[in-house]
Amino acid sequence: MRRVMADAEVGDDVFSEDPSVRELEEASAELLGKPRALFVPSGTMANQLGLLTQTRPGNQVIVGQGAHVACYEAGAGAAWAGVQFAIAGQRGYFSADEMLQALTPTSPHVPKSVLVCLENTHNHSGGRIFPQADVLAVSAQARQRGLRLHLDGARLWHASAATGLSPRDLAAPCDSVSVCFSKGLGAPVGSALAGESDLIEEAWRFRKMLGGGMRQAGILAAGALFALRYQREALVHDHEKARTVAGILTQGGLEVIEPETNIVMLRLQTPAHELVAACQKQGVLFFAMGHDLVRLVMHRDVSLREVTHAAGIIVRCQRELVPLEP
Ligand SMILES: Cc1ncc(COP(=O)(O)O)c(C=O)c1O
């Protein structure tokens, strides 16, 4: 990947003159079944462009519990698009009925619901897959009421690898889709927003306003394209690692949320930050997602042998901690 990046043909992408960026955008659009895609620095920017292009200040956006776009983008949705969020369902998933319950009535007294954001796979609930039958049901109900749909597909590649459905099929019910080439796919930088041509034209302008126009960005795009072409197939191995880790932790007496893709969530009886600190001392690095919740992410740079070893360390560290008060 580094070699491909070093050899990339580049131009000034602020003037749409970078051939490597064009190639990545065309390949992404094709893979996602949308007319156009736009290369952006991060998943956060891709999601925010999804909001900026499909809402107006004061509008309401319906999201699942723990949605990245609402909870982990530093309040950007409120700051830039000026939207407010309504939560539907639980643990990132919602049914069509739950989406309808979160809708505001048509009234000048309440914010207007205009957009539904789905997240597949869902980060905060542990890489959970949004079942495609439900995506279709939500989409059908949303469309009947004139709402648009944005898909936060930062890890859509994992949903595709686990279900066997193509990224194109997964994205089809949605007007816009954001994807990340970093994270599990393994590129150092980059995301894309895909959708109809006029939506992407509008997103291009907002990207400029947010300072996301990058000049010889082809160096980054070449890495992203390499990841897209050659590193998607291996994602299933990360899912296998997650199942192995989950098995070891369960046997070790820990409460594991059954992994569906590459993320293992642990619900603890001890403070999460203490387990994080104890394991860090042993060279095992992961994240606290709440006072009693931790997130372990499998990726291409850790082997099955390494994650198996790490899981053993987690079990041993956990045994030495004092349980939380009930
Ligand atoms: C579901 C989801 N969407 C969007 C993002 C944002 O991506 P980035 O960190 O590239 O801004 C993340 C990051 O973890 C994520 O998990």
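What this report covers is the structure whose coordinates are included nearby. (Residues numbered from 1 in each chain as written. Predicted model: local features only at pLDDT ≥ 70, side-chain atom pairs only at ≥ 80, totals over all residues. Heavy atoms only, no water.)

All right, on to the overall build of the protein then. Check the secondary structure of the protein and you find 14 helices and 11 strands. Computed over its C-alpha atoms, the radius of gyration of the protein comes to 20 Å, within 12% of the 20 Å expected for a compact globule of 326 residues. When the backbone C-alpha atoms are referred to their principal axes, the protein occupies close to 55 × 55 × 35 Å. Residues classed as buried in the protein amount to 53% of the 326 residues present. A separation of at least 24 residues holds for 73% of the contacts in the protein among residues at least 6 apart in sequence. A total of about 15,000 Å² of accessible surface is found on the protein, and carbon and sulfur atoms cover 51% of it. Seen as two clouds, the 30 positive and the 34 negative side-chain charges of the protein have centres 1 Å apart. (Helix = DSSP H or I, 4+ residues; strand = E, 2+ residues; numbered from the N terminus. Rg over C-alpha atoms; globule rule 2.2 N^0.38 Å. Buried < 20%, exposed > 50% of the residue type's maximum accessible area, 1.4 Å probe, protein only. Contact = heavy atoms within 4.5 Å. Areas by Shrake-Rupley, 256 points an atom, 1.4 Å probe, with all protein chains shown as cover. Lys, Arg positive; Asp, Glu negative; His and termini not counted. Charge placed at Lys NZ, Arg CZ, Asp CG, Glu CD.)

Moving on: the sheet that holds strand E6 (residues 176-180). Ordered by their spatial adjacency, seven strands build an open sheet running E1-E7-E6-E5-E4-E2-E3, and the pairing between neighbours is mixed. With partners counted over all chains shown, the strands left at the sheet margins are strand E1 (36-40) and strand E3 (84-88), one partner each. Across the sheet, the mean angle from the axis of one strand to that of its neighbour is 20°, orientation sign disregarded. Where E1 lies against strand E7 (residues 191-195), five bridges are found, and the strand directions are antiparallel. If you follow arginine 36 over to E7, its bridge partner there is glycine 195. Its contacts with the sheet put helix H2 (residues 19-32) on E1, E6 and E7, and the angle it makes with E1 is roughly 130°. (Pairing = 2+ DSSP bridges. Axes fitted to C-alpha atoms, helices over the stretch in contact; angles between N-to-C directions.)

The terminal C-alpha atoms of helix H11 (residues 218-230), which comprises 13 residues, lie 18 Å apart, in line with the 18 Å expected from a rise of 1.5 Å per residue. Gly218, Ala221, Ala222, Gly223, Ala224, Leu225, Ala227 and Leu228 are the residues of H11 that are buried. (Expected span 1.5 Å × (residues − 1).)

This next bit is on the sheet that holds strand E9 (residues 263-267). Judged by pairing direction, the sheet is antiparallel, and its four strands sit side by side in the order E8-E9-E11-E10 without closing on themselves. Since the sheet does not close on itself, it has two edges, and those belong to strand E8 (255-257) and strand E10 (287-290), each with one partner. Neighbour-to-neighbour, the strand axes of the sheet open up by a mean angle of 35°, direction not taken into account. When E10 meets strand E11 (residues 293-297), the two strands line up antiparallel, connected through three bridges. Across the sheet, residue phenylalanine 287 finds its bridge partner in E11, namely arginine 295. Running over the sheet, helix H13 (residues 272-281) touches E10 and E11 and is turned about 175° from E10.

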